[in-house]
Amino acid sequence: MPKRSGAATSQGHAVLKTLHEILERCEKTGARLAYPGEGGERRFRGWLVSDLLAKTLGWHTDNIVVGERFDILLQDESGFPIITIETKTPYHKATAKEHADFEERLSGYGTLHTAYFTNGAEWE
């Protein structure tokens, strides 16, 4: 098994710490803002963008697009979408239909290299 560099290990720890903090914040905020019909997905998505992608991973915010059909698109320096992240409310167990719908959308951008499906606790 290849050894990991110190920088990669450090960044991995920072990513896990940030995800843990985001999930804790979702739980705390959800308890205070328990309003019918207001789930936690948008809060979770916003904190993934601001805290994980921008602050922890250093992804430039000009290259992060938040939408509806594609929750989060990360663009390369030319503006082409290369990564998409489908978010669900933290700890939500996605249905087979949700997975199928996500996979069906992936062909919408031929430049995508990576796709993630997450509820915060699980990343696929």
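Residue positions are counted from 1 within each chain, in the order its sequence is given. This being a predicted model, a pLDDT of at least 70 is required before a residue's local features are given, and a value of 80 or more before pairs of side-chain atoms are given or counted; all residues contribute to the totals for chains, interfaces and linings. No hydrogens and no water enter the side-chain calculation; it runs on all heavy atoms of the structure.

**Structural notes on unusual backbone geometry**
Backbone phi values are negative for most residues with the exception of glycine, while trans is the configuration of most peptide bonds. What counts is decided by this rule: Helix numbering and strand numbering both begin at the N terminus, where a helix is a DSSP run of H or I of at least 4 residues and a strand a DSSP run of E of at least 2. Note on exposure labels: buried denotes an accessible area under 20% of the residue type's maximum, exposed denotes more than 50%, and partly exposed covers the range between, all computed with a 1.4 Å probe on protein chains only.
The residue Tyr-91 is not glycine, and still its phi comes out positive at about 70 degrees. Structurally, the position occupied by Tyr-91 is in the loop between β3 (81-87) and α3 (96-105). Assessed through its relative accessible area of 47%, Tyr-91 is described here as partly exposed.

**Here we look at the packing of aromatic side chains**
Under the convention used in this document: Aromatic contacts are taken between Phe, Tyr and Trp rings whose centres are within 6.5 Å, Trp giving its six-membered ring; a plane angle under 30 degrees counts as stacked, one over 60 as edge-to-face, and the others as tilted.
Following the criterion strictly, the structure yields three aromatic pairs and no others. Each ring, one from Phe-70 and one from Tyr-109, has its centre 5.0 Å from the other, and the planes form 65 degrees; the classification is edge-to-face. Here Tyr-109 lies in the loop between α3 and β4 (114-118) and Phe-70 lies in the loop between β1 (64-66) and β2 (72-75), a separation of 39 residues in the sequence. Relative accessible area serves as the criterion here: at 14%, Phe-70 is assigned to the buried category. Relative to Trp-123, the ring of Tyr-116 lies with its centre 5.9 Å away and its plane at 75 degrees, an arrangement referred to as edge-to-face.

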